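Each chain, letter by letter, is given below.
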Amino acid sequence: MKKIAIEIIMFISGIIFLVTAFRIKAGGFSGDVLNQRNYVLILVGLLLILSAISIVRTLLWERNKKADKVKKTVQETEQVVESAENKSNKPVNKNIYITIGLILLFIIGFTHIGFYVSSFVFVFAMTWMMFNWKRNLWIRSLIFSLALNGTFFILFQFINVYFPDNTLLF
């Protein structure tokens, strides 16, 4: 059940993102193949489809795993390996849940406070987490996040990307 939890959370975040995507205006140039809303809806559709496929695949894998009978010695070996993996995976599991929480906050923040602010916070937190929250490396995360958002701003101004009206900046 633990393995399927992440897929279910991604599916739920896709549904939340789908609801917020309908608040995006369908702006664009005449002759554009996709407007911003359609682009986001395509990405959300892919997220929902891939999460559903992953849920089904995990459920089938779990069912096949239970159906297979394994010798007692193999079971003991797997238990030893599994206990060693559980000890080493505790920080990784914590980072996975933090990442999922940051993704959900980014999705909610995108429509309420704007793309640039929410992406700055998201990228800053994600890069600092990759540095294992070391106090002396937060400046690198800050610089990277500022540079990436500056690049996004220049790129999005160049290709005329429209954002919802409720953005804090620009």
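Located above this text is the structure these notes cover.
Below, the structure is looked at part by part.

Scoring rules and cut-offs
- Residues numbered from 1 in each chain as written.
- Predicted model: local features only at pLDDT ≥ 70, side-chain atom pairs only at ≥ 80, totals over all residues.
- Heavy atoms only, no water.
- Phe/Tyr/Trp six-rings, centres within 6.5 Å; stacked < 30°, edge-to-face > 60°.
- Helix = DSSP H or I, 4+ residues; strand = E, 2+ residues; numbered from the N terminus.
- Contact = heavy atoms within 4.5 Å.
- Core = buried A, V, L, I, M, F, W, Y, C linked by side-chain atoms within 4.5 Å.
- Buried < 20%, exposed > 50% of the residue type's maximum accessible area, 1.4 Å probe, protein only.
- Patch = residues over 30% accessible without salt bridge, like charges linked within 9 Å, V, L, I, M, F, W, Y side chains within 5 Å.
- Areas by Shrake-Rupley, 256 points an atom, 1.4 Å probe, with all protein chains shown as cover.
- Salt bridge = Lys/Arg side-chain N within 4 Å of Asp/Glu carboxyl O.
- Axes fitted to C-alpha atoms, helices over the stretch in contact; angles between N-to-C directions.
- Left-handed = near helix turned anticlockwise from the far one by under 90°.
- Nonpolar A, V, L, I, M, F, W, Y, C, P; charged D, E, K, R; others polar.

## Quick look at the packing of aromatic side chains
Each aromatic ring pair is described using two quantities: the centre-to-centre distance and the angle formed by the ring planes. Within this structure, the stated rule accounts for seven aromatic pairs. Look at F124 and W128: their rings are 5.7 Å apart centre to centre, the planes differ by 35 degrees, and that puts the pair in the tilted class. Pair noted here: F124 and W128 are both in helix α4 (residues 115-130), with a separation of four residues, about one helical turn. Ring pairing ties together the aromatic residues F106, F115, Y116, F122, F152 and F153, which thus form one cluster.

## Digging into the side chain of S13
Tracing the backbone shows S13 in helix α1 (residues 2-21). Not counting residues within four places of it along the chain, the set of residues in contact with S13 comprises L47, L104 and I107.

## Brief notes about the nonpolar core
One finds F17, A21, I24, V40, V44, L48, I107, F110, F115, Y116 and F156 forming the largest nonpolar core, which totals 11 residues. Those elements that place two or more of their residues in this core are α1, α2 (36-67), α3 (72-112) and α4. Looking at which element gives the most residues to this core, the answer is α2, with three residues. Not counting the four nearest positions on each side in its chain, F17 is found in contact with V40, V44 and I107.

## Section: a nonpolar patch on the surface
On the surface, a cluster of nonpolar side chains totalling about 690 Å² of accessible area is made up of Y39, I42, L43, L46, I49, L50 and I53. Structurally, the position occupied by L50 is in helix α2. Of the residues examined, L50 reaches a relative accessible area of 55% and is grouped as exposed.

## Observations concerning the packing of α4 against helix α5 (residues 138-158)
Where α4 meets α5, the closest approach of the two axes is 8 Å, and the angle between their N-to-C directions is 145 degrees. When the axes of α4 and α5 are compared, the crossing they make is right-handed. Counted together, F115, Y116, S119, F120, V123, F124, T127 and W128 of α4 and W138, S141, L142, F144, S145, L146, L148, N149, F152, F153 and F156 of α5 form the full contact between these two elements. Across the contact of α4 with α5, the residue classes break down as 14 nonpolar, five polar and no charged.

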